[in-house]
Amino acid sequence: MSQDNDNTEATARRSSRQPASRSIFNVPAPIKQLFDQFPLIQYPINHLPQRAPQHRNGPVLHVFTTTEGASIGVPSYNPACLKWQTYLKFCHIDFHVAASNNHASPSGALPFLLPPQPDTLKPVQPVTTGKLQRWTMNNSDTAIEESGDLRYEAYLSLLDHRIRRAWLFSIYLSNNFTSIAEPLYILPTSNNPFVRLAIARELRLAAEKELLKYSTILSAETLHNQAEEALEALDSLLGEHDWFFGAGKPGLFDASVFAYTHLLLDDGLGKGWLDTRLRNTLKPRQHLVAHRNRILEQYYSNTT
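From a predicted model like this one, the values you see are computed outputs, not experimental measurements. (Residues numbered from 1 in each chain as written. Predicted model: local features only at pLDDT ≥ 70, side-chain atom pairs only at ≥ 80, totals over all residues. Heavy atoms only, no water.)

Caption draft 1: Spotlight on the overall build of the protein chain. Of the regular secondary structure elements, the protein chain holds 12 helices and 4 strands. When the 304 residues of the protein chain are sorted by exposure, 42% land in the buried category. Look at the contacts in the protein chain between residues 6 or more apart in sequence, and 70% of them connect residues 24 or more apart. Accessible surface, the protein chain as shown: approximately 18600 Å² in total, 52% of it carbon and sulfur. (Helix = DSSP H or I, 4+ residues; strand = E, 2+ residues; numbered from the N terminus. Buried < 20%, exposed > 50% of the residue type's maximum accessible area, 1.4 Å probe, protein only. Contact = heavy atoms within 4.5 Å. Areas by Shrake-Rupley, 256 points an atom, 1.4 Å probe, with all protein chains shown as cover.)

Caption draft 2: Molecular detail of unusual backbone geometry. Between Leu110 and the following residue, Pro111, the backbone shows a cis peptide bond with an omega angle of 5°. Position of Pro111 among the secondary structure elements: in the loop between strand E2 (96-99) and strand E3 (112-114). At His92, a residue that is not glycine, the phi angle is positive and equals roughly 60°. The topology assignment puts His92 in the loop between helix H4 (79-90) and E2.

Caption draft 3: A look at the pattern of salt bridges. Counted by the stated rule, this structure contains 8 salt bridges. A salt bridge links Glu229 to Arg162, with the shortest nitrogen-to-oxygen separation between them at 2.7 Å. Linking Glu229 in helix H9 (residues 220-238) with Arg162 in helix H6 (residues 152-172), this pair joins segments that are 67 residues apart in sequence. Among the residues examined, Arg162 registers a relative accessible area of 27% and is labelled partly exposed. Note that Asp242 is salt-bridged to Arg294, the shortest N-O span being 3.6 Å. Placement of Asp242 in the loop between H9 and helix H10 (252-265) and of Arg294 in helix H12 (residues 286-299) is noted, with a sequence separation of 52 residues between them. A single salt-bridge network, built from bridges that share partners, covers Arg164, Glu210 and Lys213. (Salt bridge = Lys/Arg side-chain N within 4 Å of Asp/Glu carboxyl O.)

Caption draft 4: Quick look at the packing of H9 against H12. Taken N-terminus to C-terminus, the directions of H9 and H12 make an angle of 70°; their axes are 8 Å apart at the nearest point. One way to sum up the angle between H9 and H12 is to call them roughly perpendicular. Contacts from Leu231, Leu234, Asp235 and Leu238 in H9 reach Gln286, His287, Leu288 and His291 in H12. When grouped by side-chain class, the residues that make up the contact of H9 with H12 number 4 nonpolar, 3 polar and 1 charged. (Axes fitted to C-alpha atoms, helices over the stretch in contact; angles between N-to-C directions. Parallel < 35°, antiparallel > 145°, perpendicular 65-115°, else oblique. Nonpolar A, V, L, I, M, F, W, Y, C, P; charged D, E, K, R; others polar.)

Caption draft 5: Expanded view of the packing of aromatic side chains. Applying the stated criterion across every chain, the model contains 13 aromatic pairs. Ring centres 4.9 Å apart and planes at 70° place the aromatic pair Phe90 and Tyr299 in the edge-to-face group. Residue Phe90 is found in helix H4, and its partner Tyr299 is found in helix H12; the two are separated by 209 residues along the sequence. Comparing Phe90 with Tyr299 shows no difference in burial state: the two are buried. Ring geometry for Trp167 against Tyr260: centres 6.0 Å apart, planes inclined by 75°, an arrangement best described as edge-to-face. Remark: Tyr260 occurs in helix H10 and Trp167 occurs in helix H6; sequence separation between them is 93 residues. (Phe/Tyr/Trp six-rings, centres within 6.5 Å; stacked < 30°, edge-to-face > 60°.)

Caption draft 6: Here's a closer look at the nonpolar core. Counting 78 residues, the largest nonpolar core has Tyr172, Phe244 and Phe253 as its most contacted members. Dropping the residues within four chain positions of it, Phe253 is found in contact with Glu146, Tyr152, Tyr155, Leu156, Leu159, Leu234, Phe244 and Phe245. (Core = buried A, V, L, I, M, F, W, Y, C linked by side-chain atoms within 4.5 Å.)

Caption draft 7: Seen up close, H4. Helix length check: H4, at 12 residues, gives a terminal C-alpha distance of 16 Å against a target of 16 Å (1.5 Å per residue), a fit within 8%. For H4, the buried fraction is high: 9 of the 12 residues fall into the buried class. Of the residues making up H4, those classed as buried are Pro79, Cys81, Leu82, Trp84, Gln85, Thr86, Tyr87, Leu88 and Phe90. One side-chain oxygen at the N-terminal end of H4 lies 3.1 Å from the backbone nitrogen of Ala80; it belongs to Asn78. A positive phi of about 60° marks His92, the residue just after H4. (Expected span 1.5 Å × (residues − 1). Polar contact = N/O pair within 3.5 Å; in protein donor to acceptor, adjacent residues only side chain to side chain.)

Caption draft 8: The arrangement of the sheet that holds E2 in detail. Strand order in this open sheet of 4 strands is E2-E1-E3-E4, and the pairing throughout is mixed. Single-partner strands in this sheet number two, and they are E2 and strand E4 (127-128). Packed on one face of the sheet, H4 meets strand E1 (60-63), E2 and E3 and runs near 160° to E1. (Pairing = 2+ DSSP bridges.)

Caption draft 9: Summary view of H10. With 14 residues, H10 should cover 20 Å at 1.5 Å per step; its first-to-last C-alpha distance of 20 Å lies within 8% of that length. Where H10 bends most, the angle comes to about 25°, and this point is Phe258. Within H10, 14 of the 14 residues are buried, which leaves it mostly tucked inside the rest of the structure. (Bend = angle between axes of the 7 residues up to and from the residue.)

Caption draft 10: Region of interest: the environment of Asn101. Among the secondary structure elements, Asn101 is positioned in the loop between E2 and E3. Taking the relative accessible area as the measure of exposure, Asn101 reaches 35% and is therefore partly exposed. For the pair Asn101 and Tyr185, spaced 84 residues apart in sequence, the C-alpha separation works out to 9.0 Å. Excluding its chain neighbours within four sequence positions, the residues that come into contact with Asn101 are Phe64 and Leu110.

Keep in mind these values describe shape, not function.
Shown next, in the form of structure tokens:
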């Protein structure tokens, strides 16, 4: 009996020395005493740098443009960017423009849009090109559904293929490279001549690679002839209508056409046009010229 009492007392003494429960969240006493000397302080959130977009209460569209151009919303000098910049205007989206480049884009290509930043610490997800139309449809009361005309896809292919290929050749593989591509896409990137030379080479090789997907031989004459046929077809399609497919207001197709026609007719693009062959194929198409001027006057009059 005495031995049992001794065992009971020993067990009790060991139990009294052990904590009632162990947890990974228990802090050893010396560490706790140290941190008690430095109570947690929550500092205010740092302000964004001054060069960050200031209009975070509204959408910000990141496009190829100059800093000065972004401040007043001038048309982008890049067709892919200008297409969406114009479409957002058609849909009465109140947005701001930010000068950017492909390296800043989550998809590696411009444009992309940053939706309004809510008053939280959680960052918003950027809207890349492939999702811009759906985002616009969900955020505009006047968003425009695309035409159900059976000819829509056929005419869209003229823009996406024939006219785009001629544009690539004209800007990157003709004399216009030094007067348009270089001042717009290369010189602003760096003051280092070797960096500029590398970027120039990459741009020309990328354009050449894209064009060689469709033909093993690059023929300026063939590309311009195809573009001329496409522009003639689009001019006939528009006819006397204000907007394509007889719509009551402009849509994405109108923005896609304007993205090329405006830039081709822009006398101030870069340092000016040296090779005017593609530009000259558009000038006689009076319906397309009037369409371009109509959009410029109605949607960009305060930027010129």
